[in-house]
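Residue strings, one per chain:
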Amino acid sequence: AQSVAQPEDQVNVAEGNPLTVKCTYSVSGNPYLFWYVQYPNRGLQFLLKYITGDNLVKGSYGFEAEFNKSQTSFHLKKPSALVSDSALYFCAVRAVNTGFQKLVFGTGTRLLVSP
Amino acid sequence: DVKVTQSSRYLVKRTGEKVFLECVQDMDHENMFWYRQDPGLGLRLIYFSYDVKMKEKGDIPEGYSVSREKKERFSLILESASTNQTSMYLCASSPLRQGIYEQYFGPGTRLTVT
């Protein structure tokens with residue numbers, strides 16, 4: 001079964017420092033991978049996706065993610081963190097079950113950026 | 001901008017009550033989804049619908065049902081609410097032409113069952 005794992009419940013980083021939020025996946029076949037962000041008191045927002053092509057995917061708000069097939073990872077990165085990046089981040093993978101496609105989400109990682 | 005709205009931000013219900021959560025999207029999307037979000041468990045898919053009057057079970061459908069009578073509206077029904085259904089409920093939609101990849105989420109309904 002397709003799944004993603006987010007090994008860190010929380011990541012702390014100082015403003016201006018680079019940040020990484022980790023995600024590993026388990027799929028059969030080619031993985032379709034996604035990152036979503038949830039700001040306080042708001043719904044989830046799509047950040048970026050990897051379908052095929054370049055291993056480095058660029059998304060919204062200056063975020064990017066690196067697809068690594070050998071390590072089955074899809075880590076979210078940003079070169080310089082902002083306090084406003086503090087939020088809950090979810091990794092997701094496409095799953096196909098009984099002919100229907102759906103997203104399977106990880107457990108989430110809370111990012112705290114300190115001033 | 002795609003807008004997905006949910007009828008209530010906060011809801012408190014008693015055990016055994018029948019509960020309706022409403023979701024409306026204004027972008028003519030074919031696909032609609034209901035998730036519940038719990039700390040440490042992430043988002044789990046309850047039901048989804050890819051067309052009017054069509055529905056498919058997700059990963060945790062027990063205790064829930066859904067209704068999609070109009071394309072823009074997708075309702076989640078708790079037939080007899082229980083305390084273990086206290087959770088944040090998120091609705092989402094996506095256009096068929098993009099598959100299920102990019103989903104647009106509503107702000108969520110925090111349901112407390114006492």
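This text gives an overview of the structure that appears in the document. Residue positions within a chain follow its written sequence, with the count starting from 1. Whichever chain is written first becomes A and whichever ligand is written first becomes 1, with later ones labelled in order. Since the coordinates come from a predicted model, pLDDT governs what is reported: local features require at least 70, and pairs of side-chain atoms require 80 or more to be given and counted, while whole-chain, interface and lining totals use all residues. Side-chain numbers here rest on the full set of heavy atoms in the structure, without hydrogens or water.

1. Let's talk about the interface of chain B and chain A
Tallying the contact residues gives 21 residues for chain B and 20 residues for chain A. For the chain B and chain A pair, buried surface summed over both sides reaches about 1800 Å², with 60% attributable to carbon and sulfur atoms. Criterion for a salt bridge: a side-chain nitrogen of Lys or Arg within 4 Å of a carboxyl oxygen of Asp or Glu. Put simply, chain B and chain A have 1 salt bridge between them. For the salt bridge of A:K102 with B:D59, the shortest nitrogen-to-oxygen distance reads 2.4 Å. In the analysis that follows, any N or O atom pair within 3.5 Å is treated as a polar contact, provided that within protein one partner can donate a hydrogen and the other can accept it, and provided that, for residues neighboring in sequence, both atoms belong to side chains. Inspection of the region where chain B meets chain A yields 3 residue pairs in polar contact (both at pLDDT 80 or more). Only DSSP runs of H or I covering at least 4 residues are called helices, and only runs of E covering at least 2 are called strands; the numbering of each starts at the N terminus. Counting residues per element, the ones that place at least two in the side of chain B that touches chain A are β4 (31–38) and β5 (42–49) of chain B. For the side of chain B that touches chain A, the element with the highest residue contribution is β5(B), accounting for 4 residues. Just so you know the grouping, Ala, Val, Leu, Ile, Met, Phe, Trp, Tyr, Cys and Pro go in nonpolar, Asp, Glu, Lys and Arg go in charged, and all remaining residues, Gly too, go in polar. Taken together, the residues of the side of chain B that touches chain A sort by class into 12 nonpolar, 5 polar and 4 charged. Note on definitions: a residue-residue contact is assigned when non-hydrogen atoms from the two residues lie within 4.5 Å. As used here, buried area is the combined drop in accessible area, with a 1.4 Å probe, of two parts when they are placed together.

2. Section: the state of the cysteines
Defined by distance alone, a disulfide is two cysteine sulfur atoms within 2.5 Å. The final tally for this structure, using the stated rule, is 2 disulfides over all chains. A sulfur-sulfur separation of 2.0 Å characterises the disulfide bridge that pairs A:C23 with A:C91. What sets the handedness of the A:C23 and A:C91 disulfide is the S-S torsion sign, and at about -60° it is left-handed. Taken together, the residues span a long stretch of sequence, with A:C23 in the loop between β3 (19–21) and β4 (24–26) and A:C91 in strand β10 (residues 87–97) at a distance of 68 residues. Comparing A:C23 with A:C91, the two get one shared label, buried. One disulfide in the model links B:C23 with B:C91; its S-S distance is 1.9 Å. One quick way to see it: the torsion about the S-S bond of B:C23 and B:C91 is about -75°, and its sign makes the bridge left-handed. Of the two residues, B:C23 sits in strand β3 (residues 19–25) while B:C91 sits in strand β9 (residues 87–94), which places them 68 residues apart along the sequence. Relative accessible area decides the class of each residue, using a 1.4 Å probe on protein chains only: under 20% of the type maximum gives buried, over 50% gives exposed, and in between gives partly exposed.

3. Focus on the environment of B:Y35
Following the sequence through the fold, B:Y35 ends up in strand β4. Note on B:Y35: relative accessible area 0%, which makes it buried. Placed 42 residues apart in sequence, B:Y35 and B:I77 show a C-alpha to C-alpha distance of 13 Å. Contacts of B:Y35, omitting those with residues within four sequence positions, involve A:L103, A:F105, B:L43, B:R44, B:L45, B:I46, B:M88, B:Y89, B:L90, B:A92, B:Q103 and B:F105. Within the structure, the side chain of B:Y35 is placed 2.8 Å from the side chain of B:Q103, a separation counted as a polar contact.

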